[in-house]
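# Survey of secondary and tertiary structure
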2 protein chains.
Amino acid sequence: MSIHDQDRVGAFMPASPVERDGAPAGPLAGLAFGLKDLFDVSGVPTGFGHPVWRSSHPVPQADSVVLTRLLAAGARLVGKTHCDELCYSLNGENPHYGTPVNSAAPDRLPGGSSSGSAAAVAAGLVPFAVGSDTGGSVRVPASYCGVIGMRTTHDAVPLEGAVPFAPSYDTVGWFARDAALFEKVGRVLLADSAPAGAPRRLLIATDALARALPETVSAMAPTLERIASRFGSVADVTLNPQGLEPWMQDFRLIQGSDIWATHQAWIRSLSPDFGGGIRERFKWVSTLTDEQVAPARQRRLEIRSRLNELLADGTVLVIPTTPGIAPLRGLPVPELEAWRNRCLGLLCIAGHAGLPQISLPMANLGGCPIGVSLIAASGCDTMLLDMGASLC
Amino acid sequence: MSIHDQDRVGAFMPASPVERDGAPAGPLAGLAFGLKDLFDVSGVPTGFGHPVWRSSHPVPQADSVVLTRLLAAGARLVGKTHCDELCYSLNGENPHYGTPVNSAAPDRLPGGSSSGSAAAVAAGLVPFAVGSDTGGSVRVPASYCGVIGMRTTHDAVPLEGAVPFAPSYDTVGWFARDAALFEKVGRVLLADSAPAGAPRRLLIATDALARALPETVSAMAPTLERIASRFGSVADVTLNPQGLEPWMQDFRLIQGSDIWATHQAWIRSLSPDFGGGIRERFKWVSTLTDEQVAPARQRRLEIRSRLNELLADGTVLVIPTTPGIAPLRGLPVPELEAWRNRCLGLLCIAGHAGLPQISLPMANLGGCPIGVSLIAASGCDTMLLDMGASLC
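Report on the accompanying structure. (Residues numbered from 1 in each chain as written. Chains lettered and ligands numbered in written order. Predicted model: local features only at pLDDT ≥ 70, side-chain atom pairs only at ≥ 80, totals over all residues. Heavy atoms only, no water.)

Scanning chain A from terminus to terminus reveals 13 helices and 10 strands. Taking 2.2 N^0.38 as the reference for a compact globule, 392 residues should give roughly 21 Å; the C-alpha atoms of chain A span a radius of gyration of 19 Å, in line with that estimate. Burial status across chain A gives 62% buried among its 392 residues. The contacts of chain A with a sequence gap of at least 6 include a subset with a gap of at least 24, amounting to 78%. As presented, chain A carries roughly 12,800 Å² of accessible surface, and 54% of it is formed by carbon and sulfur atoms. (Helix = DSSP H or I, 4+ residues; strand = E, 2+ residues; numbered from the N terminus. Rg over C-alpha atoms; globule rule 2.2 N^0.38 Å. Buried < 20%, exposed > 50% of the residue type's maximum accessible area, 1.4 Å probe, protein only. Contact = heavy atoms within 4.5 Å. Areas by Shrake-Rupley, 256 points an atom, 1.4 Å probe, with all protein chains shown as cover.)

Okay, here's the thing in structure tokens:
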């Protein structure tokens, strides 16, 4: 029976049915997984969330590195998962393919752009699934769907065979419900078997908490205490005295400019149609000038230095993954836009500095999940995996 | 009179004659410059050092960001400069277009891959010229040709409109003889007018000195003393107790794998011919497996953390740019290969960690120049520009 027969949440791409057996043995032997439809599978078109993309690009002749690593570890690919159009959204809606159902909160959005991978894991269709995270595309759906999700250190997992989006932010991520399995998959994707470093100090980002809804902060309080109890040293920190809004604005500008540079040729030549929100964003990024973006790029370097200094020597930063639970399905575009910007203020922290961030389903509000996130220094991915396994 | 009429050193591409006036006013008003032939100029084919590349790619319809910034600052493009085939060499030889003459040592190689830009500046054809640096393609020709050259912090100057090579290492750089002008150009390319940070501490990398020829170390001794006299705090440091050879091996693997991922489709479909050295390298990278490269990627993250820690708080690292002066023209390929690897052990330091490095023509041996390099923390590009202006 193929995954499409069991897929009651609309997580998998029926247009790209694919199965690949993994190696007979290995740390992930026999485990089924879904792969976001921006990673290449040899002989299968890559869709990148848009039917025009799918039909206007050559069929890949090689597997992405991510797929190669998972198959070599014994995992079994059962299908490609939906994503937002060209991944340029955090909502998980797709006008061509529908909106995967968020099993943890069925009247709410699943989050995106790795919507199908998160929804498939949340619904128990597969034990794990792979996504990508540029602006929050793994962290957001992990938070909304109540599963563990992670974005890796920038450059830590090769993106060869994945469609580039905004390359200086693009990273690989994945989802699972079980923390031990989550760690195992991470070890395979990171190709890292060295012992993890020890976390030494916890910083609670007060400006990040201030960007979340007050009820989110209350809902997270017991979890923050639980996490803090693991550390000998705990302190509050203000990431930016001017608040996270300017970091978010810089993120939107740089990301937008990079996306346009990467994809303007294709968009200009084929003028594909996009759904609400994404359509307006592509229009906006086409107007960006170097004069607008250059100062943001400079400030990004300062943000990076600030975070690298803060996170030295085993320091871990804790923030809410998203300001609150998933938005309801069917909200008007402007409302979703405002929410997106509020989210990006939290998401851009790890994004700007290329840092690893794990979102743990350790809080909920009115029965809906919200993720609590840990961020560590560049390269300390396995330290976060260890912490996730001991907390969840 | 076009630059081609004055080009006695073979630095410019006669096949891509191009001139573009800059804005009527600006910090670089009226200054002529050459642009390495991997940066796009609207309406002019980009050659990337190979005639088959040039003829098999569409003519760019937009200017690269680098060009846009320079023209907006008033500088005047007078021509595109030669580079090695697909930039995959540090020698400056090109079997299709010849080897630009190194005016500072005419019987020796100019260095590459930004060979034409360095040669044009060394010969006084233009006051400055732009290159790109992935493995050393600005730093090496700057050292060999006796001019100032710099690679910028990774991501600090946008590479939009430049051919990608090994994207996690690719950076923009430039050459000039005059240090004040060098700084001005840097301010424009970096789009950074903020005051530079103050250098506080100098580290002398003893393992980097050990990788240079003994006569290079002797020739540099007075310069090192002069540089050290500017700092209140000076100390020796060993970057890696195992020496720089493993860092170099990791660099070759990761860079090779990235280059192959970026360009294998083109190479496979057209089977272009390459000159000695480059031909063997492309053959080698086509055999690399993820099993070989993955551990190197992990070690790279550790190298980055090590260097970020060392260079915090205004620390500057000093190393020889190259182990010695330029090799003679016409050496056999295996000899040049061994020299390349010796060079890469020094060059990979800034490369792995995405750090800015300025090469200053402050030493010479038997009448031939060798560069002395300063490396700073990520984002501290203008600090290095300031130091260059005060030292040269």
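On to the interface of chain B and chain A, then. Counting residues at the interface gives 26 residues for chain B, matched by 26 residues for chain A. Carbon and sulfur atoms make up 45% of the surface buried where chain B meets chain A, a total of about 2,100 Å² over both sides. Along the contact surface separating chain B from chain A lie 6 salt bridges. Here chain B and chain A share 10 residue pairs in polar contact (both at pLDDT 80 or more) between them. For the side of chain B that touches chain A, the elements supplying multiple residues, two or more each, are helix H3 (65–72), helix H9 (245–270) and helix H11 (290–310) of chain B. Counting residues per element, the side of chain B that touches chain A draws most heavily on H11 of chain B, which supplies 9 residues. Looking at the side of chain B that touches chain A, its residues break down into 8 nonpolar, 9 polar and 9 charged. (Buried area = accessible area lost by both parts, 1.4 Å probe. Salt bridge = Lys/Arg side-chain N within 4 Å of Asp/Glu carboxyl O. Polar contact = N/O pair within 3.5 Å; in protein donor to acceptor, adjacent residues only side chain to side chain. Nonpolar A, V, L, I, M, F, W, Y, C, P; charged D, E, K, R; others polar.)

Attention now goes to the packing of H9 of chain B against helix H12 (residues 333–353) of chain B. Residues and elements named next belong to chain B. For the pair H9 and H12, the least separation of the axes is 8 Å and the interaxial angle reads 80 degrees. As the angle between them shows, H9 and H12 are arranged roughly perpendicular. Residue-level contacts link Trp 247, Met 248, Asp 250, Phe 251, Arg 252, Ile 254 and Gln 255 of H9 to Arg 340, Asn 341, Leu 344, Gly 345, Cys 348, Ile 349 and His 352 of H12. The residue inventory of the contact of H9 with H12, partitioned by class, reads 7 nonpolar, 4 polar and 3 charged. (Axes fitted to C-alpha atoms, helices over the stretch in contact; angles between N-to-C directions. Parallel < 35°, antiparallel > 145°, perpendicular 65-115°, else oblique.)

Residues and elements named next belong to chain A. Residue Ser 113 is bonded to the preceding Gly 112 through a cis peptide linkage, with omega at 10 degrees. Along the chain, Ser 113 turns up in the loop between strand S2 (76–81) and helix H4 (115–122). We note that Leu 86 has phi near 50 degrees; this positive angle belongs to a residue other than glycine. With respect to the helices and strands, the residue Leu 86 is situated in the loop between S2 and H4. The backbone of Cys 87 shows a phi angle near 65 degrees, a positive value even though the residue is not glycine. One can find Cys 87 in the loop between S2 and H4.

So, about the relation of the copies chain B and chain A. Between the two copies, chain B and chain A, the superposition gives an RMSD of 0.0 Å; the rotation angle is 180 degrees and the shift along the axis is 0.0 Å. Here the symmetry operator amounts to a two-fold rotation axis. Both copies present the same face, since 100% of the interface residues in chain B are matched by interface residues at the equivalent positions in chain A. (Least-squares fit on C-alpha atoms with pLDDT ≥ 70 in both.)

Attention shifts here to helix H4 (residues 115–122) of chain B. Residues and elements named next belong to chain B. Within H4, 8 of the 8 residues are buried, which leaves the element mostly enclosed by the surrounding structure. What H4 keeps buried is the set Ser 115, Gly 116, Ser 117, Ala 118, Ala 119, Ala 120, Val 121 and Ala 122. Where H4 ends, the next residue or the one after it, Gly 124, has phi of about 75 degrees, a positive value.

Residue and element names in this part refer to chain A. Two elements, strand S4 (residues 148–151) and strand S9 (residues 357–365), share 3 bridges in a ladder whose sense is antiparallel. Considered in S9, the bridge of Arg 151 is made with Gln 357. Examined bridge by bridge, S9 and strand S10 (residues 368–375) share 7 bridges and lie antiparallel to one another. Along S10, the bridge assignment pairs Ser 359 with Ser 373. (Pairing = 2+ DSSP bridges.)

This brings us to the pairing of strand S6 (residues 201–205) of chain A. All names here are of chain A. In terms of burial, S6 is largely enclosed, as 4 of its 5 residues are buried. Pairing geometry for S6 and strand S7 (residues 233–237), over 5 bridges, is parallel. Residue pairing for S7: Arg 201 is matched across the bridge by Ser 233. Where S6 meets strand S8 (residues 315–320), 4 bridges bridge the pair, whose relative direction is parallel. Bridged to Ile 204 within S8 is Val 318.

A few words now on empty space enclosed by the protein. A full pass over the atoms with the stated rule returns 7 cavities of 30 Å³ or more. In this structure, the largest cavity occupies an estimated 330 Å³ of space. In terms of lining residues, the largest cavity is bounded by 22 residues, among which His 154, Arg 304 and Ala 353 of chain A together with Arg 304 and Ala 353 of chain B are the most central. Of all the secondary structure elements, the ones that give two or more residues to the lining of the largest cavity are helix H11 (290–310) and helix H12 (333–353) of chain A together with H11 and H12 of chain B. The greatest single-element share of the lining of the largest cavity, amounting to 4 residues, is contributed by H11 of chain A. (1 Å grid on protein atoms, 1.4 Å probe; cavity = no way out; pocket = protein on both sides within 12 Å on 5 of 7 lines; lining within 4 Å. Points joined across faces, edges and corners; volume = space filled by probe spheres on them.)

A few words on the packing of aromatic side chains. All names here are of chain A. Tallied over the entire structure, the rule returns 18 aromatic pairs over all chains. Geometrically, the ring pair formed by Tyr 88 and Phe 165 is edge-to-face, given 5.6 Å between the ring centres and 75 degrees between the ring planes. A residue pair is termed long-range when its members are at least 10 positions apart, and Tyr 88 in the loop between S2 and H4 and Phe 165 in the loop between S4 and strand S5 (171–176) qualify at 77 residues. The exposure class of Phe 165 is buried, given its relative accessible area of 3%. With centroids separated by 4.7 Å and ring planes inclined at 65 degrees, the aromatic side chains of Tyr 169 and Phe 251 adopt a geometry described as edge-to-face. Of the two residues, Tyr 169 sits in the loop between S4 and S5 while Phe 251 sits in helix H9 (residues 245–270), which places them 82 residues apart along the sequence. On the basis of relative accessibility, which here comes to 1%, the residue Phe 251 falls in the buried class. Taken together, the ring pairs in this structure connect Phe 48, Trp 53, Tyr 88, Phe 165, Trp 266, Phe 274 and Phe 282 into an aromatic cluster. (Phe/Tyr/Trp six-rings, centres within 6.5 Å; stacked < 30°, edge-to-face > 60°.)

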